[in-house]
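Report on the structure
Each chain is listed here by its residues.
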Amino acid sequence: MSSVMDQLLDQRPLIAVMISLVAAITMPLFSRHPNWREGCTLLAATLKLFVVASMLSAVLAGETPSSASILLPQGLSLHLRADPLGLVFALTAATLWVMTSLYSIGYMRAKEAPRQTGYYVAFALCLSATTGLAFAGNLLTFFVFYEVLTLSTYPLVVHTRTAEARSAGRRYLVYTIGGGQLLLAAIVWTQVVAPGAEFVPGGFLAGRTSDVAMAVGFAAFMLGLGVKTALMPLHGWLPAAMAAPTPVSALLHAVAVVKAGAFGVVRVTGFVFGVDVLRAINADVVLAVAASVTIVVASIRALGERNLKRRLAYSTIGQLSYIVLGSALGTVAALTGAIFHIAAHAFMKITLFFCAGAIHVQVQRDNVDELDGLGKQMPVTLGAFMIGACGLAGIPLLAGFVGKWQIGVGAVEAGYPVFVVVLVVSGLFNIAYFFPIISDAFLKSSPVVGTDARPVITAPFVFSAGIAIMLGLFPDAGFHFYSLARLAASTIVMGPNGGGLP
Amino acid sequence: MTPHLAVLVVVIPLASSLVIPLVGIFSRRVVQTLALLAHVVTLVLALGMLGRVLTEGSWSYHLGGWMPPWGIEYVVDPLSAGMAVLISGMALLTMVYAAGCLDKGNSRHPGLSEALFLLLTAGLLGIVMTGDMFNLYVFLEISSIAAYALLTSEEGPSLVATFRYLLVGTIAASLYLLGTGYLYALTGTLNMADLGVRLSEAGDSMAVVAGVSLVVIGLAVKAAVFPLHGWLPDTYTYAPVAVVGFIGAVMTKVSAYALFRILFFVLDAQAVSGAAVTWLGWLAVVAIVAGSWMALAQTDVRRMLAYSSVGQMGFILIGFSLGNVPAMVGGLFHILNHAVMKGCLFLVAGGVRWRTGATTVNAYAGMGRRLPLSMAAFLVAALSMIGLPPTAGFFSKWYLLVGAVEARAWVVIAAIIVSSALSAIYFFRVIEKAFFHAPDEFNPASERTELPSVMLGPVVILALVVLLLGILNEPIVTHFVMHALPPNV
Amino acid sequence: MLASNHLLRKLMAMNIMQVGVIVFFIALAAKSGATAPVVVDVDQSIQASGYVNPLPHALMLTAIVVSVSTTGVALALLIRIQRRYGTLQETTLLERLKQ
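Thresholds applied
- Residue positions are counted from 1 within each chain, in the order its sequence is given.
- As they are written, the chains are lettered A onward and the ligands numbered 1 onward, keeping that order.
- Totals for whole chains, interfaces and linings use every residue, but because this is a predicted model, local features are given only for residues with pLDDT of at least 70 and side-chain atom pairs only at 80 or more, for both listing and counting.
- In this description a helix means any DSSP run of H or I spanning at least four residues, a strand means any run of E spanning at least two, and both kinds are numbered starting from the N terminus.
- Both definitions apply: the radius of gyration is a C-alpha atom measure, and the globule rule equals 2.2 Å times residues to the power 0.38.
- Counting other C-beta atoms within 10 Å of its own, a residue is labelled buried from 20 upward, exposed at 12 or fewer, and partly exposed in the gap between, with every C-beta atom placed from the backbone.
- Each residue gets a C-beta atom placed from its backbone, and two residues are in contact if those atoms lie within 7 Å.
- Basically, the charged four are Asp, Glu, Lys and Arg, the nonpolar ten are Ala, Val, Leu, Ile, Met, Phe, Trp, Tyr, Cys and Pro, and anything else, Gly included, counts as polar.
- Pairing between strands requires that DSSP locate at least two bridges from one strand to the other.
- Axis definition: a line fitted to C-alpha atoms, limited for helices to the stretch in contact. Angles are taken between N-to-C directions and run from 0 to 180 degrees.
- Each angle is binned into one of four classes, with values under 35 degrees roughly parallel, values over 145 roughly antiparallel, values of 65 to 115 roughly perpendicular, and all other values oblique.
- In this scheme the crossing of two helices becomes right-handed for a clockwise turn of the near helix relative to the far one and left-handed for an anticlockwise turn of less than a right angle.
- In this entry, domain limits derive from an automatic or database-based domain assignment.

The next point concerns the overall build of chain A. Counting its regular elements, chain A contains 21 helices and two strands. For chain A, the C-alpha radius of gyration of 21 Å lies close to 23 Å, the compact-globule estimate for 502 residues. Principal axes of the C-alpha set define a box for chain A whose edges measure 65 × 55 × 45 Å. In chain A, buried positions account for 63% of the 502 residues.

A word on the interface of chain A and chain B. Between chain A and chain B, the residue contacts involve 22 residues of the former and 20 residues of the latter. Elements with a contribution of two residues or more to the side of chain A that touches chain B: α7 (139–157) and α8 (163–193) of chain A. Ranked by the residues each element gives to the side of chain A that touches chain B, the list is headed by α8(A), at 13 residues. Within the side of chain A that touches chain B, the residues separate by chemical class into 16 nonpolar, three polar and three charged.

If you look at the interface, chain B gives 23 residues, while chain C gives 24 residues. Breaking the side of chain B that touches chain C down by element, the ones donating at least two residues are α5 (133–151) and α6 (157–187) of chain B. It is α6(B) that contributes the most residues to the side of chain B that touches chain C, 15 residues altogether. Per-class residue counts for the side of chain B that touches chain C are 16 nonpolar, five polar and two charged.

Before going further, it helps to spend a moment on the environment of Val481(B). All names here are of chain B. Within the fold, Val481 resides in helix α19 (residues 473–481). Here Val481 falls in the buried class, since 24 other C-beta atoms lie within 10 Å of it. For the pair Val481 and His39, spaced 442 residues apart in sequence, the C-alpha separation works out to 25 Å. Here Val481 is in contact with Val329, Leu332, Phe333 and Ile476, once residues within four sequence places are set aside.

So, on to the arrangement of the chains. Counting contacts across all two pairs of chains that touch, the top-ranked interface belongs to chains B and C. Structurally, chain A and chain C remain out of contact, their C-alpha atoms never closer than 33 Å.

Residue and element names in this part refer to chain B. Covered by surrounding structure in strand β2 (residues 73–76) are Glu73 and Val75 together with Tyr74 and Val76, the residues of both alternating faces. Direction of pairing for strand β1 (residues 59–62) relative to β2: antiparallel, over a ladder of four bridges. Considered in β2, the bridge of His62 is made with Glu73.

All names here are of chain B. Viewed as axis vectors pointing N to C, α5 and helix α10 (residues 241–266) meet at an angle of 160°, and their least axial separation amounts to 12 Å. Here α5 lies roughly antiparallel to α10, going by the angle between them. Of the two possible hands of crossing, α5 and α10 adopt the one that is left-handed. For the pair formed by α5 and α10, the contact residues are Leu136, Ala147, Leu150 and Leu151 on the first element and Val243, Ile247, Met251 and Ala258 on the second.

Below, the discussion takes up the domain arrangement of chain B. Residue and element names in this part refer to chain B. Taken domain by domain, chain B holds domain 1 (1–131) and domain 2 (132–484). Computed from C-alpha atoms alone, the centre-to-centre distance between domain 1 and domain 2 is 21 Å. Between domain 1 and domain 2, the residue contacts involve 36 residues of the former and 42 residues of the latter. For the side of domain 1 that touches domain 2, the secondary-structure elements that each account for two or more residues are α3 (78–101) and α4 (112–129). At 16 residues, α3 tops the list of elements feeding residues into the side of domain 1 that touches domain 2. In terms of residue class, the side of domain 1 that touches domain 2 is made up of 26 nonpolar, eight polar and two charged.

This is the structure we're talking about:
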C-alpha cells in the first residue's frame, strides 16, 4: 500500500499537469450549465494548487519529485521534475489560477461575454502548459509545453473576435512561432553538443564546445525566448495583445506567457549554460545591458500610454527584464532576487490588472486620464491599485522591494554597480507613471458615480494585494517563495550540491 | 506462400483492376465491394510482408524463376515493405473516401474509376517493389497513365492541367528510360543491384554521368523537385475531389523513394551520385523556402497546399542529401509523415469543396462551425505541417535539424526555420478564418453540414495517425526506419 | 515543337521524343554483321556476337505499348478539351480558362 502511495506521490508533477488537462476535456460537456462549468474550473484550480503545494516540503528538503519519462530515440525523453525554481513558477501560476478563475466568473458574467466555455477550456489548457514547462526536466519537454502554451493562448487573445483582436492574435502568432522555431534550432544544437542532457543546476555545457559556438547558441536561445519575455525589440506583440479580455491579460500576459519566457531565461542561463560559461564569453554583460535597455525604454514608453492596460503592459515589459537582469548577473543574491520576483511581480501585476478590469466593468473607463476621483467612489479597488503600484516601484515593505534589493546587491557583488542605477531610475519612472493615477483618483473629484465591484471580482485582487504586502514584510511566508528562490539560486551558482538553506 | 507476397502485392490490385469492369457489366453494386476487398487484401499482404521483413530479414523474389541479373527481381526490404504499407493503406482510406463522392453519373462504365484506382495502386506498388530499372519504368508509366485518366474525371480546368501533366510526365519518363539505356549500354544489366556493382567498375566516364543525370532528372520531375515542379500546382488544384487525396499524398513520395533507391542503394558511394546528391541538396534548400513563400501568396486553399508540397519535398531531399544518419531518418520519416498529413489536408479541402463549394481562404470563414470534425482534423494536420509537438511533423523536423546541426549546414537550419514560420502563417490564416470568424457574406449558411461518414472516417483516421506517428515515433524509428537506411551510411 | 502554340503539336513532339528513345535502344542492340536473334540450327554452338541483342528489342516492345497508351490517353484528353473549350491553341485556351 505504501509503495503504491509512494509511486503516486512520485508522479505529482505529472498529476499537476494532467488535472487542468482533464478539466479542459470535461468542461465542454457542461457548456449549457455555467455553474457546473465554473465549478469544474474552480475545483481543478484548487486541486492543482493542492498537488503542487504538497511537493513544497520535499523540494525544500532538497528532493526533486520526478515523474516517469517518455523515452524517445537518441537518448531524448519527456520528463517532468519539480525543483525549487520550477516550484516557484508552478506555485505562482496555480495560486493565481484559482484567483483568476473567481475573477473571470465575475468579470465575464458581468460583461455577458460570449463563448465562455471556450474561454475556460483554453485557460485550463494554458495552465496545463504552464505547469508542464515549470516542471520540465529537459529542454525538449520545455519546448513541447512552450509551444502548447502558444497554441492554447491564441484563442484567448482573439476571444472578442473583433478586427483588433484578430490582428493582435496574428501578430502574437507570428512573433511567438517565429521565436519558437529559433528556440527549436537552439535546442537541437544543444542536443548535438550534449546529447540527452537534462537540466543541471550550474549548467551542463561547460567545456563542450568552442566559445564562438557557445555565444551563437546562447544568442539563439535568448532571441527565441526573448519573444515571450518581451525583451526589446521583440516585445511588439504584448501591447497589442491587451485587446484580450482583462482576465486574459492579467493571467497570461502578466503571469503565464511572459513569465514562461523569463522562467526560460533563468533555466537556460542557470541550468543549461551556467554562470561561469556565460562570464567567460561575456554573455552576462551583453544580456544585462539588453535587459537594462528594455527596463529603461519600457518605462519611458509606459509614460506615453494613455490606455491603462497598455501602460500596464509596458510596465510588465520592464519588470520582466529585472528577472533577466538578475539571471545575467549570476550571483546568489541576484538570482534569488530574480526568482523571487517571478512570484512577487506576478501577484502585484495581477492586482493591477484586476483593478483595471473592475474599473472597466463598473464605470467603463479605460484611460488613465479618466480616473479622476475614483478613489472615493471605488476605494477598495483603487487602494489595491495603489498597493500594487507602490510594490512595483520598489517601495520598501512591499513585495517588489525584496526582489529589487537582492538584484541590486547582486549587481554590486558581480562588480557592476552601474546596474543599481538602472534599478533606481526605473523605480523613479514607475512612480512617475503610477503616481499621477493614484493622486488623481484620490485627490480630485469625480464626475462619475460608481461603486466597488461585487465581491467575486473584488476579493481576488484584495487577496493578491494582501499577498504583496505579506511577501514584502515576510518574504518567506506562505509558500516559502524566498527559501525556494534562495535554494534555486545557490544550486545554480554552486552546483547541485552547493544548495542548502542558510 | 510468403515469399510470393512480394509479387502478390502487385498482382492482386492489377488483376482486380482488370476484373472489375467486367463484373461491372453484369452487376453494379458488386463493383464497389470488390474494389474495397481488393484494397483490403492488398493492405493485409503488405502488412504481412512488412512483418516478415522485420522479423526475418530482407528477401528477393525472382519473377518466373529466372535468376537475376537476367530475370526481373523484386526486392523486399524494410524500406520497400514500409512504402508498400503506406501506399496500400492510403489507397484503402482514399477508396473509402471516394466512395462517398464519386460521380455516380458514370453509369455507362460502372467500375471504371475503381479499376483505374486499383491500376494506379498496382503501378505505385510495382515501383516500390521492383529491383529492375526497366520494370520501374513500366510501372512508372502504368501509374502515370492511370493517374492521368483519374485526374480528368471532372470537367473543366482539370483537362488542360492534366494534359500538361501528361506531357511533362511522359517526357520525364522518357528521360528516365534514356538514362537507363545509357546505363544498360555501359554495363549490360538492368538489375539494380548488379548495376551498382558494374558501374563502380565502369568508372567515371561522361556516359555514366549522362546516364545517371538523365535518370535523376526524370525522377526529379516526377517528384516535383524545384525547379521542375511546374506541373504540380495546377494538377493538384484542379484534381477531382475523389483522387486528389491519394495522388497528392503519394505519387511524388514514390518518385522520391525511387530517387532514394537509385542514388543510395544502386549507385552508393559513386562520385557521380555524390554530385547528384549535392545538387539535389541545394535545390532542396531553395525548394523549402520557395515552396513556403509561394504557398503564402495563394488565395486558393488547394493551390496553397500544392505549393506547400513542393516545399515539403525539399525537406525530404535535404534529409537524403545531408548524408548523416539523423538526417536520413528524418527524410524517410518525413516521407511517411507528409503522405499522411498532406493526405488528410487534401481530403478535407476536397470535402469542403464538395460540400460547400468553398475553395478560397476567405470562403473558409466559419467553416469550423459547419464541418467541425473535418476542420479539427485539418487543424491537427496543419499543426503537424508547421512542426509543433507532439505531432509527427515535429519529430521529422527534429531529426532533420539534428542532422543539419551535425553536418554544420547552417543554411539548411535557417531554411527550415523560415519555412516553419511561413507555414505557420499560411496555415493559421485558414484556421483563423475557419474557427475564429463568423460566417460572413462569402458564406451565409451556418448550419452543420459535416461530411458523410464514409468521407469523414478516413479524414479522422488520418488525423489520428498523424498524432500516433508523433507519439509513437520512438518505436517506429528504432525498429523500422533505422533498418530502412542504406547499408553504408 | 514543344514550344508550339498548338497542343497537338506538343503531343507530337512528345511522341517523337519517345520514338527517339526507342530507336536509341534498338541502336544499342545492333552489332556489325549480326543477324536477327532467332536460333535456326540448334546443333551448332551459339555465338552471341552473331546475333543482334534481343533484350532491348523486347524492352522496346513494352515501351512502344506504353507510348501508344499514353498517346491514346492524350488524344482522348485533346478531344475533350476541344469539345469543352472549342480550341486547341494554347493562348486562346488560356483566355477561355480564365473566364
